[in-house]
Amino acid sequence: QVQLVESVGGLVQAGGSLRLSCAASVRSFNRYTMGWFRQAPGKEREFVAAISWTGISTRYTDSVQARFTISRDDARKMVYLQMNTLKPEDTAVYYCAADDAVLDTPEYDYWGQGTQVTVSS
């Protein structure tokens, strides 16, 4: 089985920065496209960012474009989300997710348990 564990989130003031990390307990980390999702209270889970299994391409939702950066370290089997210029609306539980490029399923296959990020105004 694949296990994804997010780092502890935190409380940050608006305009501040925070970096999330996700450790993947997998055999072959570079077979997975990695992504970050978030879910705010009372709202549906939404896509935040993704990085391809090759590490070549990235994709972001419009609301975090130019503020967040996703990256991966295949040697450490880690994926990161650098969040800058945080806004109160970024407050949510953030989830790390993995999409098996070998299985090639239409949805992400594995999920972390989530970590709370709170941005105060």
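Everything numeric here is computed off the predicted structure, so don't read it as measured data.

### Details of the pattern of salt bridges
Summed over all chains, the structure comprises six salt bridges. Of the charged contacts, one joins Arg38 and Glu46 as a salt bridge, the two residues approaching to 2.7 Å between their closest N and O atoms. Taking relative accessible area as the criterion, Arg38 reaches 4% and is therefore assigned buried. Linking Arg67 and Asp90 is a salt bridge whose minimum nitrogen-to-oxygen distance equals 2.8 Å. Of this pair, Arg67 sits in the loop between strand 6 (58-60) and strand 7 (68-73) while Asp90 sits in the loop between strand 8 (78-83) and strand 9 (92-100); the two residues are 23 residues apart in sequence, bridging distant segments of the chain.

### Description of the state of the cysteines
For the structure on display, the rule yields one disulfide. Covalent S-S linkage joins Cys22 and Cys96, the inter-sulfur distance amounting to 2.1 Å. Linking Cys22 and Cys96, the disulfide has an S-S dihedral of approximately -80 degrees and is accordingly described as left-handed. Remark: Cys96 occurs in strand 9 and Cys22 occurs in strand 3 (residues 18-25); sequence separation between them is 74 residues. As far as the burial class goes, Cys22 and Cys96 line up, both buried.

Cut-off values and rules
- Residues numbered from 1 in each chain as written.
- Predicted model: local features only at pLDDT ≥ 70, side-chain atom pairs only at ≥ 80, totals over all residues.
- Heavy atoms only, no water.
- Salt bridge = Lys/Arg side-chain N within 4 Å of Asp/Glu carboxyl O.
- Buried < 20%, exposed > 50% of the residue type's maximum accessible area, 1.4 Å probe, protein only.
- Helix = DSSP H or I, 4+ residues; strand = E, 2+ residues; numbered from the N terminus.
- Disulfide = S-S within 2.5 Å.

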